[in-house]
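Okay, here's what each chain looks like letter by letter:
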Amino acid sequence: MVGCDCEGDDDDDGPARTVREIAEPNIEASSWHMSVCPYCGVGCGLDVGVADNRVVAVRGMEDHPVNRGEICLLGQNLLGILETDDRLLHPMRKGAGGMEQISWDQASDTVAERIRATIDEHGPDSFAMYVSASEYLEEYYVYNKFVKGCLGTNNLESSARLCWASGVVGLVKAFGGDSPPCAYEDFDHADLFFVAGYNLAESKPVIFRRMMRSRQRTQAPIIVVDPRVTDTASRADLHLQIKPGADVALHNAIAHVLIGEGLIDEGEARGLTDNFDELREHVTSFSPGAVADVTGLTAEEITRAAHMVGEAEAGLFMWGQGLNQSSIGTRKVTTLLNLVFITNNVGRPGAGPMAITGQGSAMGLREVGALPHLLPGFRKVTEEQDRAEIAEIWGVPPARIRPTPGKPISMILEGIERGEIKVLWIIHSNPAATFPDSTWARRVLEQTEFLIVQDAYHPTETTQLADLVLPGAQWAEKGGTLTNSERGLNLIEQAVQPPGEARPDLDIVMDVARRMGFRDEFAYENTEAIFEEYKRCTTGRACDITGVSYERLRRDRGIQWPVPTPDHPGTVRRFVDRDFPRGKVHLNLYEHQAPAEVPDDTYPLNLITGLVGMQYHSRTRTGKIPALARAVPEPFVDMHANDARVAGVADGDHVYVESRRGRVRARARVNETIRAGSVFMPYHFGSLSGPDQAVNALTIRAFDESAKQPEYKACAVRVVTT
Amino acid sequence: MSFLFDRSGLLRPPGAADEADLVGSCIRCARCVEVRPYQSIRLGPITALRSYGTPFIDPLGSPCYLCMRCPEVCPTSALTVVPAVESAMGTARVIEESCYSWTGTVCNQCYRSCPLKGTAIDLDDLLQPVVTEACVGCGVCLHVCPTEPRSIHLVPRGETS
C-alpha cells in the first residue's frame, strides 16, 4: 500500500534521468559554482559553469534532492538572461533630458538624503520599500533591519503579496503558524493527488514530472479542479471544471459527503481539530445538489470526488493561484485545508497540504519577516516580546520598531495617491506591469514624489517611471541562501561579477544605510556574517536553522528546517507528532461569496488571467529569449466556441478584450479548453510589450479580506472584434 | 525556408490537392494569402519554377494554425474545404535524441501548442511527446520547438523523409 512503506521508492521511479548541460559552444567552463534556479519556488539545484567571468554553462545538479539533475524550459534558457542589451549598467537619475548617468556616490547620497528628508519632515511611514520574492535570506534580513530597525517604519512589503498571501494566511489560520508541513518526497508516497486551481504542468514542470513518475508506479488518481482544461487537468482522472470562484462551495460540499456518508473517522477528526462538530453542522446545508448551480458541477461529480478523497490513505492536497488570487482566497484555502484535516491527512508520508510558491524565495522572505507585519523568525511586529528580542539582536532601541503593521502594496499605492507616502524604493519587481488595474498603478507610481527602482534591467514598465534607477546584480552575480517551498535551505554561490557598475543588492542597501549613519548595524564582513546573525533570530522558532552553516550547506543541499543543532538531520515532514502550535488544528467555516465583479449584460464574460509555461511573470527575463518568446509572441484570449459565436469572433481573429478599466488587443483562440462564460489570457504582457498589450489594464483592484492579495482570476470583460 | 525547397518540397495549405493537380489548378489569384489571419501563407517565388505563385507555408516563419479560411476562398479545386483534422498537410516526427523532454528538460511546448492538442501530439507517462497518426503537419510544433536546430522533423504530404 502506498504511504506505508517508503523504502526504496526514491530509486524505483522509471528510467534514469539525463542531465543536460547547456553550454556556449566552444567554451569550456574553468570553474563550477553551486546555485539554484532563480525562477519558481520549487528550487531546482544548478551547477553554473564559468570562464573568464562569464557564465558559459548551466546544468541541473545531479545530486540535488529536489530535481536530481532535471530542469525545466526556463532553467534551460538561463544563459540568455545575463548578457542582454537592456541590462542596467549604471545608476541613472531623471533629468531634464531624460535619464542621465550618475556615479554611485551621487546615487547613494541622493537616496540617503531623500529618505532622511522625508522621514524628518513627514515621519518614518512616509517611506516604503517593495521587494521581489526572489531575493536571498541575507538580503531580506538586511532590508528588514534597515527599514524596521533603523528607519522605524514597518512599510517593508514584498511581491509575495501577489501570489501566495492568501495561501499563507490560510495555513496560519488553520495550523496556527506558518510552517508548510510537506516535503517534495510526499509526491512519491501519495495515493491521491487533489489539485485545486493549480496548473503545475506549466508552472512547476519538474515537480509535475515527479508526480507523473509516481503515478506511473502507483496508479494514484489525480483530481483537478479548474475552470480550464489545463495541461494538468488533461492528465486528471477526474476533472471538476468548476465555475470560477465557487471553490468554497465545492470544498464544503465534499466535506458534506465525507461526513454524511461516513467516509471519515470522526473520532480521529475530533482528536486532530478543535471544532469538528462546528464544521459538521456548518456543512449540512452544502449538499452536492444544493451547490450544483453555484459550482456548475453535477452532484455525481462532487460525490465521486468526495469518495476518492475519503478512500485515499495518503492524500496530497495542492493548490495554486486559482485559490490564492481571489477576493475570498483565504476562505478557499482554509476550506480546502478542512478536507485535509477531517480526512486525517497530516504528518504522514504522502499526506498533507503541499504549498509550492510561484517565486523562488516566497518561503524564505516569510521566515525572515520581509512583510509589513513580521519580524525575523516568524515574529510579529505587534508582539512586544518579539520586538524586544529582535531589537536586541539588531542592536537598536526596542522602541524603534513600531508595534503596528506596515502597509501591503495595495495600501502603499493608495498612500502614495493620498500623498502620505513620499518615497518608494522598489527592488527587482515590476508592479507597473503586475499590479491589477495597471493603468491606475502606473499613474500612481509616476506621481510618487521620489521613486527609486533597483533592477537588473532598464527599461521595465516600472524603471520607466523612476526618478532614480540603481543597477542591481541578479542570479549568478550575487550570493546568498534561499529556502525553497519544502523548507529546504540552499547556498547560492556568486559565480561572476555583475556587469558594468551593477552591484549586489545587499551592498547597495547597506551603503545607503551606512550613509544615513547606521554603520554599526551593517558592519558585516561578508554575506555569511549576515546569515550567522539571522540564525540567532531562528533559535527555538519553527524555522530554526541554528544547526546550519554555509559550510554545512555545501554538503547538505536542501536541508529542511527546523535544524536546531549541527548534528540534527533536518526535518523532512512537519507535525509527525501532532505538535501543532495551538495543540490542535482549526477548521474554518465559510460561506460561498461571489467575486468582486461578476459578468453582466455590458461585460458578459469572466476574465481569468494566468501563466504560460514558457514565460515568467512580466517577461523582463524570458520575453527576450526567442526560443521562449516565439510560442506566445502576443497576448491571446482563449474563448469557448459558444461565447465566440455570440461575440462574432473566429479563431485567429485579433480582438479587443475590454473591461471597465481598460482594453487589450489579443489573438482569439477559440477552443474548448475553457468553461463557457469565462475567457483566459496570459498575464505576462505589460505596456512595454506593445500598444494595448498590458493585460493587467483589465484586472480589478479587489483584494482578499485578510491577505490583501489581488483578485486576478475574476473580473468582467467583453470581447469585441477589431 | 531552405528546408522547404532543398529537401522536402513544399508544405501546402490545408485541403490542398496533390502536387501536380495543385500546380495545375491554382490560378495564382492569391486570395488565400489575403484571408490569412496569421500571415502564414506565402507564394512560391520565381525560383520555385512550376510552383511559382502557388501557396505554401514556411513553418519556421509562421506555421498553419488550422483556421481553415484559405480553402473557403479558393475559387478552384487547388484547395478544398475539409475539416481541420483532415487537412493532411504532412506529418511531424519528434527527434528524440535532441528533444528537451526526452533528454532531461521538461518542456512540452509542442504538445501545448498543437492545434489538435492531445490528439496529434500526446505525452507519454513521463511527459515525453509522441506524434500520433492524427498529425496533419501544420508545423506549429516545429515553429515553437525551443531547441536549435528544432527537434521536430516535418515531412510534407507526398514527400518521403
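Residues numbered from 1 in each chain as written. Chains lettered and ligands numbered in written order. Predicted model: local features only at pLDDT ≥ 70, side-chain atom pairs only at ≥ 80, totals over all residues. Heavy atoms only, no water.

Colleague: Tell me about the overall build of chain A, and please be specific about residues and values.
Modeller: For chain A, the helix and strand inventory stands at 23 helices and 28 strands. Taking 722 residues into account, the globule formula puts the C-alpha radius of gyration at 27 Å, and chain A, at 25 Å, falls close to it. By principal-axis analysis of the C-alpha atoms, chain A measures approximately 70 × 65 × 60 Å. Per-residue burial over chain A gives 66% buried out of 722 residues. Taking contacts inside chain A between residues at least 6 apart in sequence as the whole, the part at least 24 apart equals 73%. When the accessible surface of chain A is totalled, it reaches about 23200 Å², and 47% of it is carbon and sulfur. Computing the positive centroid from 74 side-chain charges and the negative centroid from 101, chain A places the two 3 Å apart. (Helix = DSSP H or I, 4+ residues; strand = E, 2+ residues; numbered from the N terminus. Rg over C-alpha atoms; globule rule 2.2 N^0.38 Å. Buried < 20%, exposed > 50% of the residue type's maximum accessible area, 1.4 Å probe, protein only. Contact = heavy atoms within 4.5 Å. Areas by Shrake-Rupley, 256 points an atom, 1.4 Å probe, with all protein chains shown as cover. Lys, Arg positive; Asp, Glu negative; His and termini not counted. Charge placed at Lys NZ, Arg CZ, Asp CG, Glu CD.)

Colleague: Requested: an account of helix 18 (residues 438-446) of chain A, with residues and values cited.
Modeller: All names here are of chain A. Those residues of helix 18 not exposed but buried are Ser 438, Trp 440, Ala 441, Val 444 and Leu 445. Viewed along the axis of helix 18, the buried residues span an arc of 150 degrees, placing them on a single side of the element. In this structure, the buried side of helix 18 is in contact with helix 16 (409-417), strand 17 (423-427), helix 17 (431-434) and strand 18 (450-455). (Arc of directions from axis to C-beta.)

Colleague: How would you sum up the domain arrangement of chain B? Please name residues and give values.
Modeller: How big an interface is tends to be stated in terms of accessible area lost as the parts join. Residues and elements named next belong to chain B. Taken domain by domain, chain B consists of domain 1 (2-84) and domain 2 (86-156). If you average the C-alpha positions of domain 1 and of domain 2, the two centres end up 22 Å apart. At the interface, 23 residues of domain 1 touch 16 residues of domain 2. Between domain 1 and domain 2, the buried area comes to about 1500 Å², and carbon and sulfur atoms account for 69% of it. Summed over the three residues of domain 1 that lose the most area to domain 2, namely Leu 11, Leu 60 and Leu 66, the buried surface amounts to 32% of that side. Counting across the interface, domain 1 meets domain 2 through 0 salt bridges. If you look at where domain 1 meets domain 2, you find 8 residue pairs in polar contact (both at pLDDT 80 or more). (Domains from an automatic or database assignment. Buried area = accessible area lost by both parts, 1.4 Å probe. Salt bridge = Lys/Arg side-chain N within 4 Å of Asp/Glu carboxyl O. Polar contact = N/O pair within 3.5 Å; in protein donor to acceptor, adjacent residues only side chain to side chain.)

Colleague: Run through the packing of helix 2 (residues 104-122) of chain A against helix 19 (residues 505-515) of chain A, naming residues and quoting values.
Modeller: Residues and elements named next belong to chain A. It is at 9 Å that the axes of helix 2 and helix 19 come closest, and there the two elements cross at 60 degrees. Judged by the angle between their axes, helix 2 and helix 19 are oblique. The way helix 2 lies across helix 19 gives a crossing that is right-handed. Contacts between helix 2 and helix 19 pair Trp 104, Asp 105, Ser 108, Asp 109, Val 111, Ala 112 and Ile 115 from the former with Ile 508, Asp 511, Val 512 and Arg 515 from the latter. (Axes fitted to C-alpha atoms, helices over the stretch in contact; angles between N-to-C directions. Parallel < 35°, antiparallel > 145°, perpendicular 65-115°, else oblique. Left-handed = near helix turned anticlockwise from the far one by under 90°.)

Colleague: Explain the packing of helix 3 (residues 137-151) of chain A against helix 19 of chain A residue by residue, including any values.
Modeller: Residues and elements named next belong to chain A. Where helix 3 contacts helix 19, the axes come no closer than 10 Å and their chain directions differ by 15 degrees. The orientation of helix 3 with respect to helix 19, classified from their angle, is roughly parallel. As helix 3 packs across helix 19, the resulting crossing turns out to be left-handed. Here Glu 138, Glu 139, Val 142, Tyr 143 and Phe 146 of helix 3 come into contact with helix 19, specifically with Asp 505, Leu 506, Val 509, Met 510, Val 512 and Ala 513.

Colleague: Kindly report on the environment of Gly 44 of chain B, identifying the contributing residues and their values.
Modeller: Here Gly 44 of chain B lies in the loop between strand 1 (41-43) and strand 2 (55-57). Here the alpha-carbon distance between Gly 44 of chain B and Leu 126 of chain B, two residues 82 residues apart in the chain, equals 41 Å.

Colleague: Let's hear about the side chain of Asp 638 of chain A: which residues, and what values?
Modeller: All names here are of chain A. Note on placement: Asp 638 falls in strand 24 (residues 636-640). The exposure class of Asp 638 is buried, given its relative accessible area of 2%. Only 2.8 Å separates the side chain of Asp 638 from the side chain of Arg 669, close enough to count as a polar contact. A polar side-chain atom of Asp 638 sits 3.2 Å from a polar atom in the side chain of Asn 671. Not counting residues up to four positions away in its chain, the partners in contact with Asp 638 are Arg 669, Asn 671, Thr 673, Ile 674, Ser 678, Val 679 and Phe 680.

Colleague: I'd love a proper account of the environment of Glu 72 of chain B, names of residues and values included.
Modeller: Residue and element names in this part refer to chain B. As for its placement among the helices and strands, Glu 72 is situated in helix 4 (residues 70-73). Exposure remark for Glu 72: the relative accessible area of 58% places this residue in the exposed category. Between the alpha carbons of Glu 72 and Glu 34 there is a distance of 12 Å; along the sequence they are 38 residues apart.

Colleague: Which residues make up the interface of chain B and chain A, and what values go with them?
Modeller: Every contact between the two is made by 33 residues of chain B and, on the other side, 31 residues of chain A. Taken together, the two surfaces of chain B and chain A that pack against each other cover about 2700 Å², and 46% of this comes from carbon and sulfur. Looking only at chain B, the three residues that lose the most surface to chain A are Val 106, Arg 112 and Leu 126 of chain B, adding up to 24% of its buried area. The tally of links between chain B and chain A comes to 5 salt bridges. With its nearest N and O atoms 2.9 Å apart, the salt bridge here joins Arg 69 of chain B to Asp 653 of chain A. Put simply, chain B and chain A have 19 residue pairs in polar contact (both at pLDDT 80 or more) between them. Taken together, the elements giving at least two residues each to the side of chain B that touches chain A come down to strand 4 (105-106), helix 5 (109-113), strand 5 (121-123) and helix 6 (140-144) of chain B. Here the residues of the side of chain B that touches chain A sort into 15 nonpolar, 10 polar and 8 charged. Of the pairings in the sheet, the one linking strand 5 (residues 71-72) of chain A to strand 4 of chain B comprises 2 bridges and is parallel in character. Following the sheet pairing, Cys 72 of chain A is matched in strand 4 of chain B by Val 106 of chain B. (Nonpolar A, V, L, I, M, F, W, Y, C, P; charged D, E, K, R; others polar. Pairing = 2+ DSSP bridges.)

Colleague: Which residues make up the confidence of the model for chain B, and what values go with them?
Modeller: For chain B, per-residue confidence averages 91 on the pLDDT scale, and 94% of positions sit at 70 or higher. Contacts of residues 1-7 of chain B to residues separated by more than four positions or lying in other chains number 20 contacts, the stretch itself having pLDDT below 50. (pLDDT = per-residue confidence, 0-100.)

Colleague: An account of the pairing of strand 19 (residues 468-471) of chain A is needed here, citing residue identities and associated values.
Modeller: Residue and element names in this part refer to chain A. The alternating pattern of strand 19 places Leu 468 and Leu 470 on one face and Val 469 and Pro 471 on the opposite face, and all of these are buried. Pairing between strand 6 (residues 92-95) and strand 19: 2 bridges, direction antiparallel. Looking at strand 19, one finds that Met 92 is bridged to Val 469. Pairing of strand 18 with strand 19 involves 4 bridges; the strand directions are parallel.

Colleague: Account for the environment of Gly 60 of chain A, naming residues and giving values.
Modeller: Residue and element names in this part refer to chain A. Inspection of the secondary structure assignment puts Gly 60 in strand 4 (residues 54-60). For Gly 60, a relative accessible area of 0% corresponds to the buried category. Separated by 620 residues in the primary sequence, Gly 60 and Phe 680 have C-alpha atoms spaced 33 Å apart. Dropping the residues within four chain positions of it, Gly 60 is found in contact with Val 19, Arg 20, Gly 45, Leu 46, Asp 47, Asn 67, Gly 69 and Ile 71.

Colleague: Requested: an account of the pattern of salt bridges, with residues and values cited.
Modeller: Charged atoms that come close allow side chains of opposite charge to pair. Residues and elements named next belong to chain A. Following the criterion strictly, the structure yields 53 salt bridges over all chains and no others. Between Glu 24 and Arg 54 there is a salt bridge, with the nearest N and O atoms lying 2.8 Å from each other. In this pair, Glu 24 sits in the loop between strand 1 (21-23) and strand 2 (31-36) while Arg 54 sits in strand 4, placing the two residues 30 residues apart along the sequence. Taking relative accessible area as the criterion, Glu 24 reaches 22% and is therefore assigned partly exposed. The class for Arg 54 is partly exposed, based on a relative accessible area of 28%. In this structure, the salt-bridge partner of Asp 600 is Arg 660, at a minimum N-O distance of 2.5 Å. Here Asp 600 is found in the loop between strand 22 (559-560) and strand 23 (605-610), whereas its partner Arg 660 is found in the loop between strand 25 (654-658) and strand 26 (663-671), with 60 residues between them in sequence. Here Arg 660 falls in the partly exposed class, since its relative accessible area comes to 44%. When salt bridges with common partners are traced through the structure, they connect Asp 105, Asp 109, Arg 503, Asp 511 and Arg 515 into a single cluster.

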